[in-house]
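Survey of secondary and tertiary structure
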Amino acid sequence: DGGITQSPKYLFRKEGQNVTLSCEQNLNHDAMYWYRQDPGQGLRLIYYSQIVNDFQKGDIAEGYSVSREKKESFPLTVTSAQKNPTAFYLCASSILPRSEAFFGQGTRLTVV
Amino acid sequence: SQELEQSPQSLIVQEGKNLTINCTSSKTLYGLYWYKQKYGEGLIFLMMLQKGGEEKSHEKITAKLDEKKQQSSLHITASQPSHAGIYLCGAAVNNDMRFGAGTRLTVKP
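None of the values given here were measured: they were computed from a predicted structure.

The next subject is the interface of chain A and chain B. Across the contact, 22 residues belong to chain A and 20 residues belong to chain B. In this assembly, chain A packs against chain B so that about 1800 Å² is buried in total across both faces, 51% of it on carbon and sulfur atoms. Summed over the three residues of chain A that lose the most area to chain B, namely Arg98, Glu100 and Phe103 of chain A, the buried surface amounts to 32% of that side. The interface formed by chain A and chain B contains one salt bridge. Arg98 of chain B serves as the salt-bridge partner of Asp59 of chain A, at 2.5 Å between the closest nitrogen and oxygen. Between chain A and chain B we count five residue pairs in polar contact (both at pLDDT 80 or more) in total.

Spelled out as structure tokens, the structure:
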């Protein structure tokens, strides 16, 4: 079945470590997005990519990095520079920028 | 930048009651999306509205976009426990999507 898959579902990180969250889609979508969700808050855009080998910063890109080497993959690295990384991370994709987005099931990252 | 404000922040209704959630934009909307989220899960697409005055329905959920395309409402008729969750509106901004803070709906049996 077509869809968007995030892994792992839960992730624990020690302070000072970098971690990478995986996002894979087999929908043949050009655009992909990473959002962060904190309790009681909406989604805040971290990075987005409209096409392979191109990506743009969102509202809260500091402390995060991404790559888009393949159309189907858009991994997010949470670096040690991100001061408050504990959150729920959601990846999404859409066939075109600004069209309906499909979401993965999310990754809950906890710093221990 | 485009901002989406949702109201109310949370809503508790008795099963069988109707309810409305609002989404207001600071700028003209060129595409308004409604999503539902269960706690700890991804977002499920409900409906998309593009034209001023447009109205769409799916089962007991109806969404409208006003003529000026700056406000949308989501109406649930005869609510059920399965309607419980967080409802978020999203809008296309430049080449990305932005979301409101969400409305948490609780339906009491």
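The subject of this paragraph is the side chain of Arg13 of chain A. Among the structural elements, Arg13 of chain A can be located in strand S2 (residues 10–13). What Arg13 of chain A contacts, discounting residues up to four positions off in sequence, is Val19, Val78, Thr79, Ser80, Gln82, Pro85, Leu109, Thr110, Val111 and Val112 of chain A.

With that settled, the discussion passes to the state of the cysteines. Residues and elements named next belong to chain A. Under the defined criterion, the tally for this structure stands at two disulfides over all chains. With a sulfur-sulfur separation of 1.9 Å, Cys23 is cross-linked through a disulfide to Cys91. Residues Cys23 and Cys91 are joined through a disulfide that is left-handed, its torsion about the S-S bond being -75 degrees. Here Cys91 lies in strand S9 (residues 87–94) and Cys23 lies in strand S3 (residues 19–25), a separation of 68 residues in the sequence. Looking at Cys23, the relative accessible area reads 0%, which means it is buried.

Rules and cut-offs
- Residues numbered from 1 in each chain as written.
- Chains lettered and ligands numbered in written order.
- Predicted model: local features only at pLDDT ≥ 70, side-chain atom pairs only at ≥ 80, totals over all residues.
- Heavy atoms only, no water.
- Contact = heavy atoms within 4.5 Å.
- Buried area = accessible area lost by both parts, 1.4 Å probe.
- Salt bridge = Lys/Arg side-chain N within 4 Å of Asp/Glu carboxyl O.
- Polar contact = N/O pair within 3.5 Å; in protein donor to acceptor, adjacent residues only side chain to side chain.
- Helix = DSSP H or I, 4+ residues; strand = E, 2+ residues; numbered from the N terminus.
- Disulfide = S-S within 2.5 Å.
- Buried < 20%, exposed > 50% of the residue type's maximum accessible area, 1.4 Å probe, protein only.

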